Amino acid sequence: MEPPLQQILTIWHALDMRKRIIVVAATVAMFAAVLGLARMAAQPTMALLYAGLEPGAAGEIVTALEARGAVHEVRGGAIYVETARRDELRMTLAAEGLPANSSRGYELLDSLSGFGTTSQMFDAAYWRAKEGELARTIVASPRIEAARVHIAATSANGLRARAAPTGSVTVTTGGDGLGPAQARALKYLVASAVPGLAPEDVSVIDAVHGLVLSGDESAGARLDGSDRAEALKRSVERLLEARVGFGNAVVEVTVDTAMESETIVERTLDPDSRVAISTEVEETSTSATDSRAGAVTVASNLPAGDGAAGDGESRSNDTGTRERTNYEVSELTREVQRGPGAIRRITVAVLVDGLEGVDAAGAATWSPRPEDELVALRDLVASAVGLDEARGDSITIKSMQFEPVAEAGTAAQSGFFAGRALDAIALARIGALALVALILGLFVVRPILASRNSADPTMLAPPDPAPRANAPDLPALTGEIDDGSFPTGSDMAVVSDFNPGKGTDLAVPGNGNAADPVDRLRALIAERQTETVEILRGWMEDEAGENA
């Protein structure tokens, strides 16, 4: 049997220059594809370790990974590691305090010493530490990716009093943004941590959606009753679904709240509840004497005359008593301040589905819920929302048939690969390797096998017995060349015995001597190229066997 290397050389020599170039290019491309795919298959699958880190923290992570010899890649602002080691590396790095948070807390105060540290330096470090601790607390929320806190606090300067501090919070969320409820929680968090800081002096800013709550907003501008209405709606729905079933009750709650603030001062006096606190008694006595004188005469001047008598004198005595009592009357003074957000009225509308059944004929039936059940449900809803009829609250509950909801699209079904942990990149690599193997088998292995099969003389198909057009029957070539040693006209099947007639296809164009053996051989080779190649291959095999 012919050696494989000899077969390859034989096939190579049988190709022309154009085919050789195609074979070389195809072989090089095939080996490059195989090597590239082998390299891709050898590389581990990478998974995201950390993303969005600051340059300093990212550099510390890369240094720690290099120290452990972990395979990693840096793609933009993200760090990728092997999928199998991702969780292990996260826990290991977390135990070492990595990635380090850019906002430092109270550890800033540890580096301050008593020597060379002024009061201004300590105050600056203290506020930086306070801001860092607040930022750490805010980032602990799963919805917030990054946070920065700024506190503006001024100290007293001489006769100038200390101004009230203010603060601002900037957050970056990974979802739909920060809602008003979360923003108010952050305001109270910062205000509670800073002495003298009021929640109204804290502004909350979302890095994507802009200002959420500013410090100069009044509390009444935010208390529009939507949060209360939503909480009452969830409570009523949970209560009704326990009875009528999930999806069989629709609840709408409207809370009318006061948006203005007012102050009421009330003073009440109760005259029936008086108390004597003091009593004063005053007594007066008055005495008066009146003398009447007559005409002045000589007799009135005499001792025994008319003037010595007491005629004409009058006297009066007056006595009085006055009592004064002071009482304290009870007085009630009440000052009421009503801020925005007070509930004016609550309106609840409830729609429940009826009862479904089957009649005697097997058809589906529907009937509204009994009135006593609706009354019981109304009492439950009234207790849940805190109904106050004096305030004008109202509840409306009806039982009506729900329209069936048509399903949009098709229902999701689990496929063959559902629940299987398959890596898309690994599947793509396997598919690429399979494609390269198929191309290798079709365009490389198959032609080689076909060439080897055609090289075996025993596998050659018999020649076509049908004669060619305008050509006489030609004997099969035996590979012998007439050297002139055989007599002319011999019956042996040699090339020299065959003398084609004039005008046959074996005549060489442009050669007048068509009977020349060399010309006849050339004509036969041109006519039967396949058989000629097989004869030459057989000679080469025989010569190689003899030399061996």
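Residues numbered from 1 in each chain as written. Predicted model: local features only at pLDDT ≥ 70, side-chain atom pairs only at ≥ 80, totals over all residues. Heavy atoms only, no water.

Looking up the chain in an unreviewed UniProt entry gives the name Flagellar M-ring protein, with the organism given as Maritimibacter fusiformis. According to UniProt, the comment filed for the chain under the heading Function (unreviewed entry) is "The M ring may be actively involved in energy transduction." Among the UniProt annotations of the chain, the heading Sequence similarities (unreviewed entry) holds the following wording: "Belongs to the FliF family." (UniProt positions renumbered as here; feature names shortened; annotations may be inferred.)

**Section: helix 11 (residues 517–527)**
Residues of helix 11 that are buried include every one of D519, R520, A523 and L524, and no others. Seen end-on, helix 11 carries its buried residues on one side only, within an arc spanning 135 degrees. With respect to the buried face of helix 11, the exposed residues turned more than 90 degrees away are R522 and A526. (Buried < 20%, exposed > 50% of the residue type's maximum accessible area, 1.4 Å probe, protein only. Helix = DSSP H or I, 4+ residues; strand = E, 2+ residues; numbered from the N terminus. Arc of directions from axis to C-beta.)

**Here's the deal with the sheet that holds strand 3 (residues 78–82)**
Strand order in the open sheet made by the three strands is 1-3-2, with antiparallel pairing throughout. Looking at the sheet topology across the chains shown, the edges are occupied by strand 1 (46–51) and strand 2 (72–75). Across the sheet, the mean angle from the axis of one strand to that of its neighbour is 30 degrees, orientation sign disregarded. The sheet contacts of helix 3 (residues 55–68) involve strand 1, strand 2 and strand 3, and relative to strand 3 the element is tilted by about 20 degrees. Taken strand by strand, helix 4 (residues 86–95) contacts strand 1 and strand 3, and its axis lies near 25 degrees from that of strand 1. (Pairing = 2+ DSSP bridges. Axes fitted to C-alpha atoms, helices over the stretch in contact; angles between N-to-C directions. Contact = heavy atoms within 4.5 Å.)

**What about the sheet that holds strand 8 (residues 249–257)?**
The strand order across the open sheet built from three strands is 8-11-14, with neighbouring strands paired in mixed fashion. Taken across any chain shown, the strands that pair with only one partner, and hence form the sheet edges, are strand 8 and strand 14 (394–399). Ignoring which end each strand starts from, the neighbouring axes of this sheet average 5 degrees apart. Across six bridges, the pairing between strand 11 (residues 343–352) and strand 14 is parallel. When the bridges of strand 14 are listed, T347 appears paired with S394. Relative to strand 8, helix 7 (residues 226–244) is tilted by about 155 degrees, and along the sheet it contacts strand 8 and strand 11. The sheet contacts of helix 9 (residues 371–385) involve strand 11 and strand 14, and relative to strand 14 the element is tilted by about 145 degrees.

**Concerning helix 6 (residues 180–193)**
Helix length check: helix 6, at 14 residues, gives a terminal C-alpha distance of 20 Å against a target of 20 Å (1.5 Å per residue), a fit within 8%. A183, R184, L186, K187, V190 and A191 are the residues of helix 6 that are buried. Along the axis of helix 6, the buried positions cluster into a sector of 160 degrees, meaning they face one direction only. (Expected span 1.5 Å × (residues − 1).)

**Some remarks on the pairing of strand 2**
The sheet contact formed by strand 2 and strand 3 spans four bridges and is antiparallel. Within strand 3, the position partnered with H72 by the bridge is V81. In sequence, strand 2 turns back onto strand 3 through a hairpin of two residues, with G76 there showing a positive phi of about 70 degrees.

**Describing the pairing of strand 13 (residues 364–367)**
With four bridges joining them, strand 12 (residues 355–358) and strand 13 adopt antiparallel strand pairing. What sits directly across from V358, in strand 13, is A364. Counted between consecutive antiparallel strands, the loop separating strand 12 from strand 13 contains five residues, among which G362 sits at a positive phi close to 90 degrees.

**What about the packing of aromatic side chains?**
Centre distance and the angle of the planes are the two values used to describe a pair of aromatic rings. The final tally for this structure, using the stated rule, is one aromatic pair. Geometrically, the ring pair formed by Y126 and W127 is edge-to-face, given 5.3 Å between the ring centres and 70 degrees between the ring planes. Under the relative-accessibility criterion, Y126 is labelled partly exposed at 28%. What makes W127 buried here is its relative accessible area of 17%. (Phe/Tyr/Trp six-rings, centres within 6.5 Å; stacked < 30°, edge-to-face > 60°.)

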